[in-house]
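Here are the chains, one letter per residue:
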Amino acid sequence: MEAAGVLCWAAAILAPGIFWVWHLLGRMKHQVQAGLSGRGGRALLVIAHPDDEAMFFAPTLLGLARLGRQLFLLCFSAGNYYNQGEIRKKELLQSCDVLGIPPTNVMIIDSRDFPDDPAVQWDTERVASVLLQHMEANDINLVVTFDAGGVSGHRNHVALHAAVRALHSEGKVPEEGHVLPPQPAPVVPPALRALLSVPENQLSARPLTPEQGKAQEAGLLWSWLMSLH
């Protein structure tokens, strides 16, 4: 009887604390999901070339779609470095269809101002101006783009980060918007494998740069966010 009494007493003492922790976790889950999918939920992925969306952002896009976000994509070049721009445009639209981005929400810029060239650093102000117009036209409240190192160090990638960072510093990116580093996709969804120009084993075998390591950490954070859903 004494043991039963002690257990009842302990349960009475601990129950409010357990309930409080459970309630707190529930609020955290709601806040995380609200931050990612609230206020109309219109997310814009900003990339430099066709195939960036699959090589670097596929898990993030699929996760955002799962949270109910309406997805948009802005690609700043046709990927014409090897004179295959028209082919790569079509491949991008096919890839976006698999990832849940309708053709009407995809914008591909083919301009001399933004050449597909790893040796060219695009002008930050021009990129920012085009990006801001696109955000305002589509009422975007979440922006996803490359990290400061462009994941692979490609100057075109880096230019996009610089432009988004400049807009953010000027208060032109919504405060509730998130600029997320990309999550590498070493395990490519089967539906995307045929669309990639780089074999899947190369994606997982490449050594990580410090920037890629940070991006992979961001991927772990994203996996945690998905577990809350």
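The rules behind these values
The residue count restarts for each chain, going from 1 along the sequence in the order it is written. Restriction of local features to residues with pLDDT of at least 70 applies here, the model being predicted, together with a cutoff of 80 or more for giving and counting side-chain atom pairs; totals for whole chains, interfaces and linings are based on all residues. Remark: hydrogens and water are excluded; side-chain values derive from all non-hydrogen atoms of the structure. Summary of the burial criterion: residues with accessible area below 20% of their type's maximum are buried, those above 50% are exposed, and those between are partly exposed, where the area comes from a 1.4 Å probe applied to protein chains only. Helix and strand assignments follow DSSP, with helices taken as H or I runs no shorter than four residues and strands as E runs no shorter than two, numbered in order from the N terminus. The criterion for strand pairing is that DSSP finds at least two bridges linking the strands in question. Centres within 6.5 Å make a pair out of two Phe, Tyr or Trp rings, where for Trp the six-membered ring is used; the pair is then stacked when the planes are under 30 degrees apart, edge-to-face when over 60, and tilted otherwise. Polar contact is the term for a pair of N or O atoms within 3.5 Å; when the atoms are in protein, one must be able to donate a hydrogen and the other to accept it, and sequence-neighboring residues count only if both atoms are side-chain atoms. Counted as salt bridges are all cases of a side-chain nitrogen of Lys or Arg within 4 Å of a carboxyl oxygen of Asp or Glu. For the purposes of this section, nonpolar cores are sets of buried Ala, Val, Leu, Ile, Met, Phe, Trp, Tyr and Cys residues that join through side-chain atoms within 4.5 Å.

An unreviewed UniProt entry annotates the protein as N-acetylglucosaminylphosphatidylinositol deacetylase of Pipistrellus kuhlii.

Student: Provide a residue-level description of the pairing of strand S1 (residues 42-47), including the pertinent values.
Tutor: Among the 6 residues of S1, 5 are classified as buried, and the element is accordingly described as predominantly covered. The sheet contact formed by S1 and strand S2 (residues 70-75) spans 6 bridges and is parallel. Looking across to S2, one finds that leucine 45 is bridged to leucine 73. Direction of pairing for S1 relative to strand S4 (residues 142-144): parallel, over a ladder of 3 bridges.

Student: Tell me about the packing of aromatic side chains, and name the residues and values.
Tutor: Scanning the model with the defined rule gives 6 aromatic pairs in all. Seen in terms of ring centroids, phenylalanine 57 and phenylalanine 146 are 5.2 Å apart; in terms of plane orientation they differ by 75 degrees. Their pairing is edge-to-face. Taken together, the residues span a long stretch of sequence, with phenylalanine 57 in the loop between helix H2 (52-56) and helix H3 (58-66) and phenylalanine 146 in the loop between S4 and helix H6 (155-169) at a distance of 89 residues. The two residues phenylalanine 57 and phenylalanine 146 agree in class, both being buried. Ring centres of phenylalanine 76 and tryptophan 122 lie 6.1 Å apart, and the angle between their planes is 35 degrees; this geometry places the pair in the tilted category. Placement of the pair is phenylalanine 76 in the loop between S2 and helix H4 (85-99) and tryptophan 122 in the loop between strand S3 (106-108) and helix H5 (124-137), with a sequence separation of 46 residues. In this pair, the class of phenylalanine 76 matches that of tryptophan 122, namely buried. Here the aromatic residues Phe56, Phe57 and Phe146 are joined through ring pairs into a cluster of three or more.

Student: An account of the side chain of threonine 145 is needed here, citing residue identities and associated values.
Tutor: Among the structural elements, threonine 145 can be located in the loop between S4 and H6. Only 3.0 Å separates the side chain of threonine 145 from the backbone oxygen of valine 46, close enough to count as a polar contact.

Student: Describe the pattern of salt bridges, with residues and values.
Tutor: Under the counting rule described, the total for this entry stands at 6 salt bridges. A salt bridge links lysine 89 to aspartate 110; the nearest nitrogen and oxygen atoms lie 3.4 Å apart. Here lysine 89, found in helix H4, pairs with aspartate 110, found in the loop between S3 and H5; they are 21 residues apart in sequence, far enough to count as distant. Here aspartate 113 and arginine 126 are joined by a salt bridge, their closest N and O atoms 3.0 Å apart. Of the two residues, aspartate 113 is situated in the loop between S3 and H5 and arginine 126 in helix H5; the sequence distance between them amounts to 13 residues.

Student: For the nonpolar core, give the residues involved together with the corresponding values.
Tutor: If you look at the biggest cluster of nonpolar residues, it comprises 43 residues, and the most contacted ones within it are Leu73, Phe76 and Leu131. For this core, the elements supplying multiple residues, two or more each, are S1, H2, H3, S2, H4, H5, S4 and H6.

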